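Chain by chain, the residues run as shown.
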Amino acid sequence: MNNKKNTDPMEKLSQFAFTMSIIGICTIGICPAFAAMGIAVPIVMNKKNVSISAQAKSRNKKALIGGIIALFLFVVDLVLVFVFKDKI
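For the structure given in this document, a descriptive report is provided here. Since we're looking at a predicted model, the values are computed, not measured.

Definitions and cut-offs
- Residues numbered from 1 in each chain as written.
- Predicted model: local features only at pLDDT ≥ 70, side-chain atom pairs only at ≥ 80, totals over all residues.
- Heavy atoms only, no water.
- Helix = DSSP H or I, 4+ residues; strand = E, 2+ residues; numbered from the N terminus.
- Rg over C-alpha atoms; globule rule 2.2 N^0.38 Å.
- Buried < 20%, exposed > 50% of the residue type's maximum accessible area, 1.4 Å probe, protein only.
- Contact = heavy atoms within 4.5 Å.
- Areas by Shrake-Rupley, 256 points an atom, 1.4 Å probe, with all protein chains shown as cover.
- Salt bridge = Lys/Arg side-chain N within 4 Å of Asp/Glu carboxyl O.
- Expected span 1.5 Å × (residues − 1).
- Patch = residues over 30% accessible without salt bridge, like charges linked within 9 Å, V, L, I, M, F, W, Y side chains within 5 Å.

## A few points about the overall build of the chain
And step 1. Of the regular secondary structure elements, the chain holds four helices and zero strands.
And step 2. Moving toward the C terminus, one meets the helices and strands of the chain in the order α-α-α-α.
And step 3. Its C-alpha radius of gyration of 16 Å places the chain more than 25% over the 12 Å reference for a compact globule of 88 residues.
And step 4. For the chain, the spread of C-alpha atoms along the three principal axes comes to 55 × 30 × 15 Å.
And step 5. The burial tally for the chain puts 26% of its 88 residues in the buried class.
And step 6. A separation of at least 24 residues holds for 71% of the contacts in the chain among residues at least 6 apart in sequence.
And step 7. As displayed, the chain has an accessible area near 6,100 Å², and 71% of this comes from carbon and sulfur atoms.

Printed below as a string of structure tokens:
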């Protein structure tokens, strides 16, 4: 049960970032904090040259893409609010 993959903090951060970006997409970008975490963790790991597994690298790439999508959805939400604020 003591698997190094489950106890490595960098693996956990990678999973966290991926989860946050997926939640950001599922909530249609309503909260940009999810997108920010999905973007920030992979960027910081790359800047610090953290050695992680290939699976975590792949997960970080997906988290970054998902975070960008969630951030874009947040911008779309803001535009929709401003366009339809008088009609609601």
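The rest of the description comes next.
## Focus on the pattern of salt bridges
And step 1. One pass over the structure, following the stated rule, counts one salt bridge.
And step 2. We note a salt bridge from Glu 11 to Arg 59, for which the minimum N-O separation is 3.8 Å. Placement of the pair is Glu 11 in helix H2 (residues 9–26) and Arg 59 in helix H4 (residues 54–84), with a sequence separation of 48 residues. In terms of burial, Glu 11 and Arg 59 fall into one category: buried.

## Digging into H2
And step 1. With 18 residues, H2 extends 25 Å from end C-alpha to end C-alpha; this agrees with the ideal 26 Å at 1.5 Å per step.
And step 2. The set of residues buried in H2 consists of Glu 11, Ser 14, Ala 17, Met 20, Ser 21 and Gly 24.
And step 3. In the stretch just after H2, Ile 28 is the one whose phi turns positive, near 60°.

## Section: a nonpolar patch on the surface
And step 1. Residues Phe 72, Val 75, Val 76, Val 79, Leu 80, Val 83, Phe 84 and Ile 88 make up a contiguous nonpolar surface patch of about 760 Å² in total accessible area.
And step 2. The exposure class of Val 75 is partly exposed, given its relative accessible area of 44%.

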